[in-house]
Amino acid sequence: MFCQNCGKPVLVGASKCASCGSAIGFPAPPPPPDDDIDRIAENLKRAAKELAQSAAQLSKRLSVEAESAAKNPGASAKRAAGRVAKELDDLSKEVDRVLQNL
Ligand SMILES: [Zn+2]
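Description of the structure in this document. (Residues numbered from 1 in each chain as written. Predicted model: local features only at pLDDT ≥ 70, side-chain atom pairs only at ≥ 80, totals over all residues.)

**Digging into the overall build of the protein**
Scanning the protein from terminus to terminus reveals two helices and zero strands. Here the protein holds 102 residues, and the buried ones make up 4% of them. Counted over contacts in the protein with a minimum sequence separation of 6, partners at least 24 positions apart contribute 24%. (Helix = DSSP H or I, 4+ residues; strand = E, 2+ residues; numbered from the N terminus. Buried ≥ 20, exposed ≤ 12 C-beta atoms within 10 Å, placed from the backbone. Contact = placed C-beta atoms within 7 Å.)

Shown next, in the form of structure tokens:
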């Protein structure tokens, strides 16, 4: 590297220029441009995974509900619909939570 004051070469790690004595400013470390992107990508991957898990759980529960509603049509269908609505509500809350954590 070179002295920013006089332009003479200085030893790596030197705190002062041997020629002019001015303090050597260490060049700022290059910003890690990929860091944020990696972090965001990691968060998105995790969020997608959580959503996929939630969706898988939901569809499993929905198929159980559908099965039980098929066995007991009538009154239970209404209850099942209510539970399904609640499951969907829970999932949308889960989605909100995941998105807020991004
Ligand atoms: Zn110098």
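**Some details on helix H2 (residues 75-100)**
Over its 26 residues, H2 extends 38 Å from the first C-alpha to the last, a length consistent with the 38 Å expected when each residue adds 1.5 Å. For H2, a buried count of one out of 26 residues is recorded, marking the element as mostly open to its surroundings. (Expected span 1.5 Å × (residues − 1).)

**Re the environment of Glu 65**
By the secondary structure assignment, Glu 65 is in helix H1 (residues 33-71). Look at Glu 65 and you get partly exposed, because 19 C-beta atoms sit within 10 Å. Residues Glu 65 and Arg 79 lie 14 residues apart in sequence; the distance between their C-alpha atoms is 9.4 Å. In contact with Glu 65, not counting residues within four places along its chain, are Ala 80, Arg 83 and Val 84.

**A word on the environment of Glu 94**
Tracing the backbone through its elements, the reader meets Glu 94 in helix H2. By the C-beta count within 10 Å, which is 17 here, Glu 94 ends up partly exposed. Sequence spacing of Glu 94 and Glu 50 is 44 residues, and the spatial spacing of their C-alpha atoms is 8.9 Å.

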